[in-house]
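# An overview of the molecular structure
One-letter residues, chain by chain:
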Amino acid sequence: MSTDGLIDVHAHFVTDSYVRQARAAGHDKPDGVPAWPAWSAEAHLELMDRGGIETALLSVSSPGVFFGDADAARRLAREVNEDGAAVVREHPGRFGLFASLPVPDVDGALAEIAHAFDVLGADGVVLETNTHGVYLGDARLEPVFAELARRHAVVLLHPTSPVCWEQTALGRPRPMVEFIFDTARTVTDLLFAGTLERHPDLRVIVPHCGGALPVLADRINGFMKLFMPAEPDAPDAVAQLRRLYYDLAGPAFPRQVPALLGLADPDHLLYGSDYCWTPAPAAEAHAASFSEAPAPVDGTTWRSLTATNARTLFPRLSR
């Protein structure tokens, strides 16, 4: 096992069937991006070998699997999870899987959690920041988070377009700005709903260097103290945010990581490529930056630091 092979916790796959179903549901230009990316395990492995990536944990990106019909979402979640698990089996040690859940269909999500972990051996689940305007702090989703916490599950959050994107995106691709703020919006919703406080066994990965959270954390904390019930042991938002994990997908260096380090501890930072939605040349340049940027901990590198953190979070990667 390489001591500095990157562990990619934010990597994506698509299948022809998934793209057909998403397009049929109106996602011809997903989140304002001009076209769907192509993906194959072979091309992904070639990129990983060029970038020194040992293992990539695959997930379905935005727009997720729920397009308005609960039964169709259950079928699509099962389909993509089975497809992802097959890739993991075919390439031992190189891939892992974050299973998709058909939220906000709670019964369907609970059934898929059981199948994903008990049958497929998934490494965790991926949840979009909202589904048709249902954010993750919504009380209807409490049974889902309770079950994930019972299983000590790793939950990868993934941004998607807010329902108001027609007015806010100004005609530009939503991943540029909207994703960053929808990440902050749903984590803030989890904080105000008390979900993270009720379920400390949840292990949550916040994407893209925390989105806007590093610069909003103190503001969120102040508002929580003002508007939540005053209690001697009232939860502190910054302390809760510090318990979360953060992947460094996107343009992490030179500005986003220093901001994130004001909020998160180095042992909670993880590497992410965002491939295949990030094109291969940009993903390779991003991987190279983890060899070039000065690490925040003496005697280590960003590659070894993030890989060690990932193996701690996912013990099977150390076997």
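Note that residues are indexed from 1 along each chain, following the sequence as it is written. pLDDT decides what is reported in this predicted model: residues at 70 or higher carry local features, side-chain atom pairs at 80 or more are listed and counted, and totals for whole chains, interfaces and linings draw on all residues regardless. Based on all heavy atoms of the structure, the side-chain values leave hydrogens and waters out of the count.

### Points about the overall build of the chain
Note on conventions: DSSP H or I runs of at least 4 residues are helices, E runs of at least 2 residues are strands, and numbering of each starts at the N terminus. A count of helices and strands for the chain gives 13 helices and 10 strands. Expected size for 319 residues packed as a compact globule is a radius of gyration near 20 Å; at 18 Å, the chain falls within 12% of this value. A buried classification covers 55% of the 319 residues belonging to the chain. In what follows, a contact means two residues having at least one pair of non-hydrogen atoms within 4.5 Å. In the chain, the proportion of contacts linking residues at least 24 apart, taken out of those at least 6 apart, comes to 77%. Per element, the accessible surface of the chain, about 13500 Å² overall, is 55% carbon and sulfur. C-alpha atoms define the radius of gyration, and 2.2 Å times the number of residues to the power 0.38 defines the globule rule. Throughout this description, buried means an accessible area under 20% of the type-specific maximum (1.4 Å probe, protein chains only), exposed means over 50%, and partly exposed covers the range between. Method for areas: the Shrake-Rupley scheme with a 1.4 Å probe, in which residue coverage is limited to the protein chains shown.

### Quick look at the sheet that holds strand β3 (residues 95-100)
Spatial strand order, β1-β2-β3-β4-β7-β8-β9-β10: 8 strands in an open sheet with parallel pairing. Two strands bound the open sheet, and with one partner strand each, they are β1 (6-12) and β10 (269-270). For two strands to pair, DSSP has to find at least two bridges joining them. One ladder, built from 4 bridges, connects strand β4 (residues 124-128) with strand β7 (residues 154-158); its direction is parallel. Residue pairing across strands places L127 opposite L157, the latter belonging to β7.

### A few points about the side chain of T55
By the element assignment, T55 lies in strand β2 (residues 53-59). Exposure remark for T55: the relative accessible area of 2% places this residue in the buried category. Within the local environment of T55, its side chain forms a polar contact with the backbone oxygen of G93, the two atoms lying 2.8 Å apart. Other than its neighbours up to four places away in sequence, T55 contacts L6, I7, D8, M48, G93, R94, F95, G96 and L317. Polar contacts, as counted here, are pairs of nitrogen or oxygen atoms within 3.5 Å of one another; within protein the pair requires one atom able to donate a hydrogen and one able to accept it, and residues that are adjacent in sequence qualify only if both atoms are side-chain atoms.

### Here we look at the nonpolar core
By nonpolar core is meant a set of buried Ala, Val, Leu, Ile, Met, Phe, Trp, Tyr and Cys residues that side-chain atoms within 4.5 Å join together. Judged by nonpolar contacts, the single largest core of 83 residues is most densely connected at W39, L148, L241, Y246 and L248. In this view, L241 contacts V187, L191, L213, A217, Y246 and L263; residues no more than four positions away in its chain are not counted. Counting 15 residues, the second largest nonpolar core, distinct from the first, contains I7, L57, V126 and L156.

### Focus: the layout of surface pockets
If a probe the size of a water molecule is rolled over the atoms, the empty space left behind becomes visible. Here the largest pocket is characterised by a volume of approximately 550 Å³. The distinction between a cavity and a pocket rests on a 1 Å grid over the protein atoms alone: a 1.4 Å probe fits inside a cavity but cannot get out, while a pocket stays open yet meets protein on both sides within 12 Å along at least five of seven lines, and a residue with an atom within 4 Å of a point counts as lining. Lining the largest pocket are 26 residues, and of these P175, H208, G250, D274 and T278 sit closest to its centre. Each residue gets one of three labels, nonpolar for Ala, Val, Leu, Ile, Met, Phe, Trp, Tyr, Cys and Pro, charged for Asp, Glu, Lys and Arg, and polar for the others, Gly among them. Each residue belonging to the lining of the largest pocket can be placed in one class, and the counts come to 13 nonpolar, 11 polar and 2 charged. Approximately 460 Å³ is the volume found for the second largest pocket. What lines the second largest pocket is a set of 29 residues, among which H27, P63, H132, T160 and S161 lie closest to the centre. Contributions of two or more residues to the lining of the second largest pocket are made by β4, β5 (130-131) and α6 (165-168). Counting residues per element, the lining of the second largest pocket draws most heavily on β4, at 3 residues. In the lining of the second largest pocket, the residues fall into 14 nonpolar, 9 polar and 6 charged. Grid points are joined across faces, edges and corners, and a volume is the space filled by probe spheres set on the points.

### Looking at the packing of helix α2 (residues 41-51) against helix α12 (residues 280-292)
The axes of two packed helices give the description: the angle between them and the distance between them. Where α2 meets α12, the axes come as close as 9 Å, and the angle between the chain directions of the two elements is 30°. In terms of their interaxial angle, α2 and α12 are classed as roughly parallel. Here α2 runs over α12; the crossing is right-handed. For the pair α2 and α12, contact is made by L47, R50 and G51 and by A280, A283, E284 and A287, respectively. When the residues that make up the contact of α2 with α12 are grouped by side-chain class, the tally is 4 nonpolar, 1 polar and 2 charged. For helices, the axis comes from a line fit to the C-alpha atoms of the stretch in contact; other axes are also lines fit to C-alpha atoms, and the angle between any two N-to-C directions lies between 0 and 180 degrees. Convention used here: angles under 35 degrees read as roughly parallel, angles over 145 as roughly antiparallel, angles from 65 to 115 as roughly perpendicular, and any remaining angle as oblique. It is the rotation of the near helix from the far one that decides the hand of a crossing: anticlockwise by less than a right angle makes it left-handed, clockwise makes it right-handed.

### Here we look at the packing of aromatic side chains
Pairing of aromatic rings covers Phe, Tyr and the six-membered ring of Trp, with a centre-to-centre limit of 6.5 Å; geometry is then stacked below 30 degrees between planes, edge-to-face above 60, and tilted otherwise. A complete count under the given rule lists 10 aromatic pairs for this structure. Aromatic pair F13 and W39: ring centres 5.8 Å apart, planes at 65°, arrangement edge-to-face. Taken together, the residues F13 in the loop between β1 and α1 (16-24) and W39 in the loop between α1 and α2 connect sequence positions 26 residues apart. Residue classification places W39 among the buried residues on the basis of a relative accessible area of 18%. Taken together, the ring pairs connect Y18, W36, F67 and W277 into an aromatic cluster. Geometrically, a charge over a ring is one whose NZ (Lys) or CZ (Arg) sits within 6 Å of the ring centre while staying within 35 degrees of the ring normal. Its end group placed over the ring of W165, R174 keeps NZ or CZ at 3.6 Å from the ring centre.

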